[in-house]
Amino acid sequence: MSTDNAHVTSALGTRIGNLLLQREGKLTRELLLSPAEFGLGKVPAKRLPDATTTMTCGFCSTGCGLNIHLKDGEAIGLSPATEYPVNLGMACPKGWEALTVLASPDRAITPLRRNSMGRLEPVDWDTALQTFCTRFKAIQAEHGADSVAFLSTGQIATEEMALLGSLAKFGMGIVHGDGNTRQCMATAVVAYKQAFGFDAPPYTYRDFEESDVIVLVGANLCIAHPIMWERVCRNPHKPKVIVIDPRTTETAMSATTHLALRPKSDLTLFYGIARILIREGWIARDFIAAHTSGFEQFEAHLFDFPMHRVTKFTGLTESQIMDLAKAIHEGQRVSFWWTMGVNQSYEGVRVAQSLINLALLTGNIGRPGTGANSITGQCNAMGSRLFSNTTNLLGGHDFLNPEHREKVAGILGIDSGRIPDRNSWAYSEIIDGIKTGKIKGLWVIATNPAHSWIDQNGLDDVLRKLDFLVVQDMYTTTETARVADLVLPAAAWGEKEGTLINSERRIGLIKKVARAPGQALADFAIFKLIAKYWGCAELFQDWTNPEATFQILKKLSQGQPCDITGIEDYRMLDDRGGVQWPYPADNPPSEPERRLFADGKFYHPDGKAKFLFELPREMPEPANDAFPLLLLTGRGSVAQWHTQTRTKKSAVLRKFYPELVYVEINPEDARRLDIAPNQWVLVESRRGKIRARAVVTYTVRPGQVFIPMHYDVVNQLTHPSFDPYSKQPSYKACAVRVRPHRHLESLRPHGH
Ligand SMILES: Nc1nc2c(c(=O)[nH]1)N[C@H]1C(S)=C(S)[C@@H](COP(=O)(O)OP(=O)(O)OC[C@H]3O[C@@H](n4cnc5c(=O)[nH]c(N)nc54)[C@H](O)[C@@H]3O)O[C@H]1N2
Ligand SMILES: Nc1nc2c(c(=O)[nH]1)N[C@H]1C(S)=C(S)[C@@H](COP(=O)(O)OP(=O)(O)OC[C@H]3O[C@@H](n4cnc5c(=O)[nH]c(N)nc54)[C@H](O)[C@@H]3O)O[C@H]1N2
Ligand code: SF4
Ligand SMILES: [Mo]
């Protein structure tokens, strides 16, 4: 299919969103007339309400700018910002509905505490905070400071994450704190750190428009990053768009080439491609010699990946594989992009590095339209990677490095003894710690593990095992809040201020344009109150508000690859439509959009990037006779966000997707299993059994089925296996069987 068609396909999502919004009467008449509604063009200023302010969307990592239209200082509607460098006047349906989901009867409006009858009942903030401190302190007194842990998020402001991580680790003595970014980005973090010497996605979105070959691996942009896809569609160079994904995703349908490889055969494929590139002499020898290390060892490693092995393992043909190698060779500006099809794997780090290797081999890095590019997921995944004080010490520093601890302590004006000299346990280790009784208290902020964690059946029991579980969320009805002992009501995006860092390292602003309901407070304010009640407020004297905290983060970044000392204040971020890191004060870059490594210098001490590789591993749970199908999971529609706490609150968004959980199955398998379209079926893995509607479709291959992650039962099936380096869960492949659900079928009302 041509990319022109592709544009139509993907724009459809955005347009349908607009049309639905019109029908719901959500757009004012003036805005209806504006060209912004169709993506591009400018909103005429005179037609806008009293005032408009621009801020970054709080759903995905694209980080679109949204114009919030205000009346008497409060939001009454929004439209995509035409001047914002990220989205250029476009937004996806989630963005359009971002304000709607704030109003909902299940918003947390007061703190809730579980009473002696086992029910959650409203309490005032004073009682809630006293309970928080008394209970956690009692646990720590009995079982040690590290018996309390926290799980945080990529979805709150950077300033909030930094305050949380600092409060927990420097104030409360907590050692173990991780986030949902482990489910998402840990693989890319480790892959980049090992290969480049720092966690640094090198690209700028303009690269989507400047490539002539775009290789998308395990990334379904049309659904998960629709505005990035729009940027691909704006590419004037008639690019080859090559999608590598076992499923015929919306993105694959719109691509020029789709390679439907066997799940988890990516590593073999990319080693095979590297071997061909070297054999044919299609590599950038000068670049390799000047800017990389480990090439000879890599070349020797590739000996084991001859064509016949690659075709056999990937299920692709020789000509498909040769064509991919040729496309990479013939492209002048080749970019490699990956998302969860790579990261969420038991060998994800090495797969990500096999893509980095291809970019290094061919010198496709540091130039316009190139790069080995990990696309992030949540609105502030990148903020969490650098400033959450979980996997690394604030500002990309290292807990294990005494100089780093001294430096950070010096900047914060605290005793360096307060900074843990060991790394936190990873998410899975924290869960194991609860199982073994080492972790007794858990504080969960802006994430919903009882739905999203990989081993859901196990997790319910685990959460119940805790002596004290605190959930800080904007809703009281999340699967995790329902089992909490204490719920702290949080203000949401739009009700507070701070910064988010998007996939291209752009720091954007969020603003307070709506009042939080009831007594809900910004996470920042909650953390400050906890510091006060805990008795460590003096450590955070200078952290008076988000903007003052931003000034502290700037200092922490100084001299690091993510140096942002040159960003003066929030106003500068506002004026410029966000600023990409790095932006050092001593050498502020002049170009408005920037990519990394233009000078060929990487962050390892020798300035070189490393070729890293390893033999492929066995799939932890392959299909067999008893469980003959492989279950893939992922994003289901542009209108569903993760565990659906937010997006299911919008009547408009609900129209985009089936309400009940469904499983996509190939017609061949359906026929064999006697399954009719839309029939209820049972999907069973070794860990759980769920009911779902069958969607019979060629988008999945025979032998594979797909269930979107947005339905609460999906992780009853997934297999808890992890990448050994990143400890990221391997959500994307486990063995299941499917059969018709006769009983439910007989209950089925006619015509459904
Ligand atoms: N609408 C919407 N958008 C979102 C989100 C959302 O919930 N809803 N979430 C955001 C977040 S946090 C994230 S992390 C991103 C995720 O964005 P994506 O990673 O693009 O989304 P997924 O659907 O999880 O996975 C991408 C693809 O990986 C494929 N895949 C599975 N196994 C393999 C394999 O072995 N090899 C290859 N090559 N591909 C494989 C799947 O078939 C799937 O199509 O989306 C972000 N954007
Ligand atoms: N099977 C399967 N499972 C998966 C995946 C998959 O592909 N397949 N993908 C994984 C990935 S990549 C991710 S990122 C995770 C996401 O998993 P989660 O993080 O569990 O998903 P969300 O629904 O985004 O949860 C965010 C929570 O924060 C709350 N919240 C939103 N804004 C705020 C705020 O400002 N303050 C506070 N305090 N709370 C707020 C929301 O109401 C919601 O309850 O799921 C993972 N799970
Ligand atoms: S693409 Fe992402 S950032 Fe842009 S409007 Fe949609 S959800 Fe928001
Ligand atoms: Mo994610």
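### Some remarks on the nonpolar core
Within soluble globular proteins, side chains that are nonpolar tend to cluster in buried spots. Phe132, Leu361 and Trp443 are the most contacted members of the largest nonpolar core, which has 127 residues in total. Two domains each put at least three residues into this core: domain 2 (112-184 + 381-506 + 518-551) and domain 3 (186-374). Those residues within four positions of Trp443 in sequence are excluded, and the remaining contacts are Phe132, Phe136, Ala149, Phe150, Leu151, Leu164, Leu167, Met172, Val470, Gln472, Phe527 and Ile530. Membership of the second largest hydrophobic core comes to 29 residues, among which are Cys57, Phe59, Ile68 and Leu99.

### Topic: the pairing of strand S12 (residues 334-338)
For S12, the buried fraction is high: five of the five residues fall into the buried class. Because side chains alternate across S12, one face comprises the buried residues Val334, Phe336 and Trp338, and the other comprises Ser335 and Trp337, equally buried. Where strand S8 (residues 213-217) and S12 come together, five bridges link them in parallel fashion. Counterpart to Val215 in the pairing with S12 is Phe336. Both S12 and strand S13 (residues 371-374) contribute to a ladder of four bridges, which runs parallel.

### Things to note about the site of ligand 2
The immediate surroundings of ligand 2 are formed by 35 residues, with Asn180, Ser452, Asp473, Asp523 and Thr643 found nearest. With respect to ligand 2, the side chain of Asn180 contributes an N or O atom lying 2.7 Å from an oxygen atom. Tallied by class, the residues present in the shell around ligand 2 amount to twelve nonpolar, 17 polar and six charged. Each of two domains, domain 2 (112-184 + 381-506 + 518-551) and domain 4 (629-744), supplies a minimum of three residues to the shell around ligand 2.

### Topic: the sheet that holds strand S1 (residues 51-56)
Taking strand neighbours across the sheet as the criterion, the three strands line up as S1-S2-S3 in an open arrangement whose pairing is antiparallel. Each edge of the sheet is formed by a strand with only one pairing partner; in this case those strands are S1 and strand S3 (74-80). Along the sheet, successive strands turn relative to each other by an average axial angle of 35 degrees, direction set aside. Note that S1 and strand S2 (residues 65-71) share six bridges and pair antiparallel.

### Considering the site of ligand 1
The environment of ligand 1 is made up of 33 residues, and the closest members are Asp245, Lys264, Asp266, Met340 and Gln640. Between ligand 1 and the protein, one listed contact pairs an oxygen atom with a side-chain N or O atom of Arg247 at 2.8 Å. Arg635 has a polar backbone atom sitting 2.8 Å from an oxygen atom of ligand 1. When ligand 1 sits alone it has 900 Å² of accessible area, and the protein chains cover 100% of it. Listing elements by their share of the shell around ligand 1, those giving two or more residues are helix H8 (221-224) and helix H16 (340-343). Classifying every residue of the shell around ligand 1 gives 13 nonpolar, 13 polar and seven charged.

### Looking at unusual backbone geometry
That bond from Trp581 to Pro582 is cis: its omega, 0 degrees, falls within 30 degrees of zero. You will see that Arg505, though not glycine, has its phi angle at about 70 degrees, which is positive. Relative to the helices and strands, Arg505 is located in the loop between strand S17 (495-501) and strand S18 (506-512).

### Digging into the pattern of salt bridges
Going through the model one piece at a time under the given rule, you end up with 27 salt bridges. Of the charged contacts, one joins Glu74 and Arg515 as a salt bridge, the two residues approaching to 2.6 Å between their closest N and O atoms. Of this pair, Glu74 sits in strand S3 while Arg515 is found in the loop between S18 and helix H23 (523-534), placing the two residues 441 residues apart along the sequence. Classification of Arg515 as exposed rests on a relative accessible area of 62%. Where salt bridges share partners, they join Glu160, Lys496 and Asp523 into one cluster.

### Concerning helix H6 (residues 186-196)
Most of H6 sits inside the fold, with nine of its eleven residues counted as buried. On the buried face of H6, the contacting elements are S12, H16, helix H17 (348-361), S13, helix H18 (381-387) and strand S20 (609-610). Downstream of H6 by a residue or two, Gly197 has a phi angle that is positive, lying close to 90 degrees.

### Some points on the sheet that holds strand S6 (residues 148-152)
With respect to topology, seven strands assemble into an open sheet ordered S5-S4-S16-S15-S14-S6-S7, the strand pairing being mixed. The open sheet has two edge strands, strand S5 (120-122) and strand S7 (177-179), and neither has a second partner. Along the sheet, successive strands turn relative to each other by an average axial angle of 15 degrees, direction set aside. Alignment of strand S4 (residues 112-114) against S5, held across three bridges, turns out to be antiparallel.

### Quick look at the state of the cysteines
Two cysteines whose sulfur atoms are joined by a covalent bond form what is called a disulfide. The final tally for this structure, using the stated rule, is zero disulfides. For Cys536, which is in no disulfide, the shortest distance to another cysteine sulfur is to Cys133 and amounts to 8.3 Å.

### Quick look at the domain arrangement of the protein
Assigned domains of the protein: these are domain 1 (8-103), domain 2 (112-184 + 381-506 + 518-551), domain 3 (186-374) and domain 4 (629-744). Spacing between the C-alpha centres of domain 2 and domain 4 amounts to 31 Å. Contact with domain 2, which involves 19 residues of that partner, is made by 26 residues of domain 4. Area buried by domain 2 at its contact with domain 4 is led by His451, Ile454 and Tyr475, which between them contribute 33% of it. The tally of links from domain 2 across to domain 4 stands at one salt bridge. The residue Glu429 makes a salt bridge to Lys727 at a minimum N-O spacing of 3.3 Å. Linking domain 2 with domain 4 are 17 residue pairs in polar contact (both at pLDDT 80 or more), by the criterion used here. Every element with two or more residues in the side of domain 2 that touches domain 4 is listed here: helix H20 (427-435), helix H21 (449-452) and helix H22 (456-465). Here the side of domain 2 that touches domain 4 is composed, by residue class, of six nonpolar, nine polar and four charged.

### As for the pairing of strand S26 (residues 734-740)
With five of seven residues buried, S26 is to be regarded as a mostly interior element. Examined bridge by bridge, strand S21 (residues 629-634) and S26 share three bridges and lie antiparallel to one another. Residue pairing in the sheet places Leu630 in a bridge with Ala735 of S26. In the sheet, strand S23 (residues 680-684) pairs with S26 via four bridges, with the strands oriented antiparallel. Looking at S26, one finds that Glu684 is bridged to Arg737.

Reading the values: rules and limits
- Residues numbered from 1 in each chain as written.
- Chains lettered and ligands numbered in written order.
- Predicted model: local features only at pLDDT ≥ 70, side-chain atom pairs only at ≥ 80, totals over all residues.
- Heavy atoms only, no water.
- Core = buried A, V, L, I, M, F, W, Y, C linked by side-chain atoms within 4.5 Å.
- Buried < 20%, exposed > 50% of the residue type's maximum accessible area, 1.4 Å probe, protein only.
- Domains from an automatic or database assignment.
- Contact = heavy atoms within 4.5 Å.
- Helix = DSSP H or I, 4+ residues; strand = E, 2+ residues; numbered from the N terminus.
- Pairing = 2+ DSSP bridges.
- Near = heavy atom within 4 Å.
- Polar contact = N/O pair within 3.5 Å; in protein donor to acceptor, adjacent residues only side chain to side chain.
- Nonpolar A, V, L, I, M, F, W, Y, C, P; charged D, E, K, R; others polar.
- Axes fitted to C-alpha atoms, helices over the stretch in contact; angles between N-to-C directions.
- Areas by Shrake-Rupley, 256 points an atom, 1.4 Å probe, with all protein chains shown as cover.
- Salt bridge = Lys/Arg side-chain N within 4 Å of Asp/Glu carboxyl O.
- Disulfide = S-S within 2.5 Å.
- Buried area = accessible area lost by both parts, 1.4 Å probe.

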